[in-house]
Amino acid sequence: MVKVTFLSSDGETEQHVEGAPGDNLLRLGQANGQPLEGTCEGQMACSTCHVIIDANWFDKLPPASEEEEDMLDLAAGARRTSRLSCQIDLTEQLDGLTVRIPGESRNMQGV
Ligand code: FES
C-alpha cells in the first residue's frame, strides 16, 4: 500500500488515504472526495488537478514534462512545488507522500 496525505488548502484538515502502486494521484484524490476537478481527465489541458507537493517530497517525484510545466504556468496559485496530480502515478517509493490542495481550488462541497 502507498499512503498519501491530502492537506486542505488552509492546512487544517488532513486526510490519510491508501492507494496501490500504479494508482493515479488525481483519481485517488477524487475517489476520496478531495476537491480536484481534473476536467480534462489527464490530457494536460486544464490544470484543475493542480496540487502543491510537500517540499520534502517534491524532489522524489519524477520531473515534470515540458507540457506539464506549461500547464502549471497557467494554474491558479501555482508554487515552485506545484504539480499536476493527473501526471503522478503512485509507486512504493512514494509511500507517505503529502500534497496540499491549492487555495484557489473550488470546493465542490461549497463549504
Ligand atoms: S486533469 Fe487536466 S491537467 Fe490534469
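Below or above, wherever it landed, is the structure these notes cover.

Topic: the side chain of Thr-81
Among the secondary structure elements, Thr-81 is positioned in the loop between helix 3 (66–74) and strand 4 (82–84). Excluding residues that lie within four positions of it along the chain, Thr-81 makes contacts with Val-51, Ile-52, Ile-53, Ala-55 and Phe-58.

Observations concerning helix 3
Turning to helix 3, its buried residues are Glu-68, Met-71 and Leu-72. Buried residues along helix 3 cover an arc of 105° about the axis, so they all sit on one side. Away from the buried face of helix 3 by more than 90 degrees, exposed residues Glu-66, Asp-73 and Leu-74 are located. Its buried side turned inward, helix 3 meets strand 3 (50–53) and strand 4.

Focus: the nonpolar core
If you look at the biggest cluster of nonpolar residues, it comprises 24 residues, and the most contacted ones within it are Val-4, Phe-6, Leu-25, Ile-53 and Leu-97. Elements with a minimum of two residues in this core: strand 1 (2–7), helix 1 (25–31), strand 3, helix 2 (55–58), helix 3 and strand 5 (97–100). With near-sequence residues (within four places) excluded, Leu-97 lies in contact with Lys-3, Val-4, Thr-5, Leu-25, Ile-53, Trp-57, Leu-61 and Leu-90.

Here we look at the sheet that holds strand 3
Taken in spatial order, the 5 strands of this open sheet run 2-1-5-3-4, and their pairing is mixed. Strand pairing shows two members of the sheet lacking a second neighbour, strand 2 (14–19) and strand 4, which therefore form its edges. Across the sheet, the mean angle separating the axes of adjacent strands is 35° when strand polarity is ignored. Pairing of strand 1 with strand 5, which is carried by 4 bridges, proceeds in the parallel orientation. Residue Leu-7 lies in a different strand from strand 5, and its bridge partner there is Arg-100. The sheet contacts of helix 3 involve strand 3 and strand 4, and relative to strand 4 the element is tilted by about 115°.

Structural notes on the pairing of strand 5
The side-chain alternation of strand 5 yields two buried faces, one formed by Leu-97 and Val-99 and the other by Thr-98 and Arg-100. Across 2 bridges, strand 3 lies against strand 5 in antiparallel orientation. Paired with Ile-52 across the two strands is Arg-100, which belongs to strand 5.

Rules behind the numbers
- Residues numbered from 1 in each chain as written.
- Predicted model: local features only at pLDDT ≥ 70, side-chain atom pairs only at ≥ 80, totals over all residues.
- Heavy atoms only, no water.
- Helix = DSSP H or I, 4+ residues; strand = E, 2+ residues; numbered from the N terminus.
- Contact = heavy atoms within 4.5 Å.
- Buried < 20%, exposed > 50% of the residue type's maximum accessible area, 1.4 Å probe, protein only.
- Arc of directions from axis to C-beta.
- Core = buried A, V, L, I, M, F, W, Y, C linked by side-chain atoms within 4.5 Å.
- Pairing = 2+ DSSP bridges.
- Axes fitted to C-alpha atoms, helices over the stretch in contact; angles between N-to-C directions.

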